[in-house]
Amino acid sequence: LDSYGKELERFKSKDKEIERVNSVHIIGALSLNTKHLKRHLSEECRSWTIQYSEKLHTRAKAELEVITEYMRLTTGKLSRKVEDLDTLGFMMQVLKEVREKECSIELEI
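Residues numbered from 1 in each chain as written. Predicted model: local features only at pLDDT ≥ 70, side-chain atom pairs only at ≥ 80, totals over all residues. Heavy atoms only, no water.

Enquirer: Can you break down the overall build of the protein residue by residue, with the values?
Expert: The number of helices and strands found in the protein is 3 helices and 2 strands. Reading the secondary structure of the protein in the N-to-C direction produces α-β-β-α-α. Taking 13 Å as the expected radius of gyration for a compact globule of 109 residues, we find that the protein reaches 26 Å, considerably beyond that expectation. Judged by the C-alpha coordinates and their principal axes, the protein covers about 95 × 15 × 10 Å. When each of the 109 residues of the protein is scored for burial, the buried share is 14%. For the protein, contacts bridging at least 24 residues in sequence account for 49% of all contacts bridging at least 6. Of the accessible surface of the protein, which amounts to about 9,000 Å², a share of 59% is contributed by carbon and sulfur atoms. (Helix = DSSP H or I, 4+ residues; strand = E, 2+ residues; numbered from the N terminus. Rg over C-alpha atoms; globule rule 2.2 N^0.38 Å. Buried < 20%, exposed > 50% of the residue type's maximum accessible area, 1.4 Å probe, protein only. Contact = heavy atoms within 4.5 Å. Areas by Shrake-Rupley, 256 points an atom, 1.4 Å probe, with all protein chains shown as cover.)

Quick look at the structure:
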């Protein structure tokens, strides 16, 4: 996800760079108007930014759904009533898995 952020920043800097270019260039007796070219390049840059943002949103949503599903399943396992040693052993195993998974979940967030 960090690479998405860097790419989005790169798109913003390109858009600012496009805006800094003069709209009119005079070369001797020739005058070049780049206003339309600048507008189209800026629109393209914004289009890429939107597409990239949508892709980032889709990926983040999928990762969040995986974490949410894991939490839902784990909560279901932990909500069982402990009535014997087998159930207690199962609960201890689930808690051990949660502790092991905790670090990776924090990194994913």
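Enquirer: Give a detailed account of helix α1 (residues 2-20), specifying residues and quantitative values.
Expert: A rise of 1.5 Å per residue sets the reference length of α1, with its 19 residues, at 27 Å; its end C-alpha atoms lie 27 Å apart and thus fit the reference within 8%. Taken as a whole, α1 has its buried residues at Tyr4, Leu8, Phe11, Asp15 and Ile18. Projected onto a plane normal to the axis of α1, the buried residues spread over an arc of 80 degrees and lie on a single side. Those residues of α1 that are exposed and aimed more than 90 degrees away from the buried face are Asp2, Lys6, Lys16 and Arg20. Residues of α1 that are buried in the fold lie against α2 (35-78). (Expected span 1.5 Å × (residues − 1). Arc of directions from axis to C-beta.)

Enquirer: Please give an account of the pattern of salt bridges that cites residues and values.
Expert: Across all of its chains, the model carries 7 salt bridges by this definition. With a shortest N-O distance of 3.8 Å, Lys14 and Glu17 are connected by a salt bridge. One end of the pair, Lys14, and the other, Glu17, are both in helix α1, 3 residues apart, so they sit about a helical turn from each other. (Salt bridge = Lys/Arg side-chain N within 4 Å of Asp/Glu carboxyl O.)

Enquirer: Before we move on, could you go through the pairing of strand β2 (residues 30-33) and cite the residues and values that matter?
Expert: Here strand β1 (residues 24-27) runs beside β2; their pairing, made up of 4 bridges, is antiparallel. Counted as the bridge partner of Ile26 is Ser31 from β2. Linking β1 back to β2 in an antiparallel pair, the connection comprises 2 residues, with Gly28 at a positive phi of about 65 degrees. (Pairing = 2+ DSSP bridges.)

Enquirer: Quick one: what's the story with the side chain of Ser42, residue by residue and with numbers?
Expert: Residue placement: Ser42 occurs in helix α2. Here Ser42 falls in the buried class, since its relative accessible area comes to 2%. Reaching out from Ser42, the side chain makes a polar contact with the side chain of Asp15 at a distance of 3.2 Å. One polar contact links Ser42 to Glu19, side chain to side chain, over a distance of 3.0 Å. With near-sequence residues (within four places) excluded, Ser42 lies in contact with Asp15, Ile18 and Glu19. (Polar contact = N/O pair within 3.5 Å; in protein donor to acceptor, adjacent residues only side chain to side chain.)

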